[in-house]
Amino acid sequence: MNCCSSCSSYSSSEDNMNSSRRFDSYNEAFTKNFITFVLVFTIICINGAFVYTYFKSKDFQQDPRYVLYIHLVINDMIMLTLSLGLMIATYTGNPGFIPCWIMLVVSITTNRNSPLNLAGMAMERYIAVCLPLHHVQICTVQRAHLLIALIWLVSFIPAFTDIIIILITQPLSVFSKTVLCHASFVYNTPYHVTLSLVVEVLLFSFVFLTVVLTYLNVLLAARGVSGVSRASMRNARNTILLHGVQLLLCLLSFIAPFINLFLVTNWPHKRTDIFFSTFVFTNILPRLLSPLIYGLRDKKFRANIRMHFCFKGCRTVEERMKVRRGERTKQAIH
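A quick note: this is a predicted structure, and the numbers were derived from the prediction, not measured.

As for its position among the elements, D76 is in helix 4 (residues 64-92). On the basis of relative accessibility, which here comes to 3%, the residue D76 falls in the buried class. If sequence neighbours within four positions are ignored, D76 has contacts with N47, S114 and R287.

Take a look at the structure:
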């Protein structure tokens, strides 16, 4: 389920994984799949609200900032759906190699899309604040779509390279076999481990440097302005800082195999519980926090979500609160 499979402890053998699966009783397996399903379904519903709000407003669709944001949300929805399918597959039966490979390619690609998308969003904020006169020319919807296509291409190439390595190192009969659909077992050669490690290090180094440099530039630019411009730069600085938090959340899925290695080494009898726990905390929950951190703090997005999804009673309460605030303001004036 974890798409970052650079840990050698995962690639011992398929028999070891099968034996670890037998540690789960029927009730345990049902409970884990049920918890995963509920969490993923909840996150998809929340993200679906953001997607619905985006497509109901032409203003959002004409702003490259929101184009990149909604791509991040949709990308996470795809990744979570496939991760849930892969997890259920480990308990219900082993699919054929080719269906498994297709799911893994999309899952790994979407997992690597997230940090690259964050880098693009940080750059957009940097240009909007530090190069405001050129923002309209540089950051257009068309270029945002081109950037999204480039992100998918960059993430897809290493995932496609994994199958090239299999074609070179494995007999063709492997494509007719059923497999335990987990990246660590499908891509279990030393070449896969090396490729995964190199790609992840380069990917996160690039994104980390991009977020840090854009944050520092915005921070320095904010010192030389005042008034409305200073407030705008402060908001941009906080937004980029949140991108850094989101990046750390993405980083959790990268270090998950090493966490598993340490925990399984010390508590081997808890193998399946450890795999499940790290999967939830490093792959599922960060996908809940990321859209909420960025989406709900945006006043424009928050207002549109309230307009589309807030019930009449909720609006009535808000109107009463506004009336009370107005009355208090008048009393304070008098």
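The subject of this paragraph is the packing of helix 2 (residues 26-55) against helix 4. At a minimum axis distance of 10 Å, the contact between helix 2 and helix 4 shows a crossing angle of 160 degrees. In terms of orientation, helix 2 lies roughly antiparallel with respect to helix 4. Crossing angle aside, the handedness with which helix 2 passes helix 4 is left-handed. Here the residues of the contact of helix 2 with helix 4 sort into 21 nonpolar, 5 polar and 2 charged.

Along its 29 residues, helix 7 (residues 141-169) runs 43 Å from first to last C-alpha, staying within 8% of the 42 Å computed at 1.5 Å per residue. The largest bend in helix 7 is about 25 degrees, located at F156, with the proline P158 one to four residues further on. When we look at burial in helix 7, the residues that qualify are V141, A144, I148, I151, S155, P158, A159, D162, I163, I165 and I166.

The next subject is the nonpolar core. Inside soluble globular proteins, nonpolar side chains tend to come together where they are buried. Y54, Y69, I70, M121, V207 and F301 are the most contacted members of the largest nonpolar core, which has 35 residues in total. Those elements that provide at least two residues to this core are helix 2, helix 4, helix 5 (97-130), helix 7, helix 9 (190-222), helix 10 (227-266) and helix 12 (299-309). At 8 residues, helix 4 tops the list of elements feeding residues into this core. Setting aside chain neighbours within four positions, we find M121 in contact with L68, Y69, L72, H243 and Y294.

Right, let's talk about the environment of H135 for a bit. Of note, H135 is situated in helix 6 (residues 132-138). When near neighbours in sequence (up to four residues on either side) are disregarded, H135 contacts E124, I127 and A128.

Quick look at the packing of aromatic side chains now. Inspection of the entire model under this criterion finds 6 aromatic pairs. Measuring from ring centre to ring centre gives 6.1 Å for F30 and F34, while their planes differ by 15 degrees; the resulting arrangement is stacked. On the criterion of helical spacing, the pair formed by F30 and F34 is a turn pair, its members being 4 residues apart in helix 2. Ring centres of F50 and Y69 lie 6.1 Å apart, and the angle between their planes is 85 degrees; this geometry places the pair in the edge-to-face category. Here Y69 lies in helix 4 and F50 lies in helix 2, a separation of 19 residues in the sequence. Assigned by exposure class, F50 and Y69 land together as buried. The ring of Y66 carries R65 above its face, with NZ or CZ at 5.7 Å from the centroid.

What counts, and where the lines are drawn
Residues numbered from 1 in each chain as written. Predicted model: local features only at pLDDT ≥ 70, side-chain atom pairs only at ≥ 80, totals over all residues. Heavy atoms only, no water. Helix = DSSP H or I, 4+ residues; strand = E, 2+ residues; numbered from the N terminus. Buried < 20%, exposed > 50% of the residue type's maximum accessible area, 1.4 Å probe, protein only. Contact = heavy atoms within 4.5 Å. Axes fitted to C-alpha atoms, helices over the stretch in contact; angles between N-to-C directions. Parallel < 35°, antiparallel > 145°, perpendicular 65-115°, else oblique. Left-handed = near helix turned anticlockwise from the far one by under 90°. Nonpolar A, V, L, I, M, F, W, Y, C, P; charged D, E, K, R; others polar. Expected span 1.5 Å × (residues − 1). Bend = angle between axes of the 7 residues up to and from the residue. Core = buried A, V, L, I, M, F, W, Y, C linked by side-chain atoms within 4.5 Å. Phe/Tyr/Trp six-rings, centres within 6.5 Å; stacked < 30°, edge-to-face > 60°. Lys NZ or Arg CZ within 6 Å of the ring centre and 35° of its normal.

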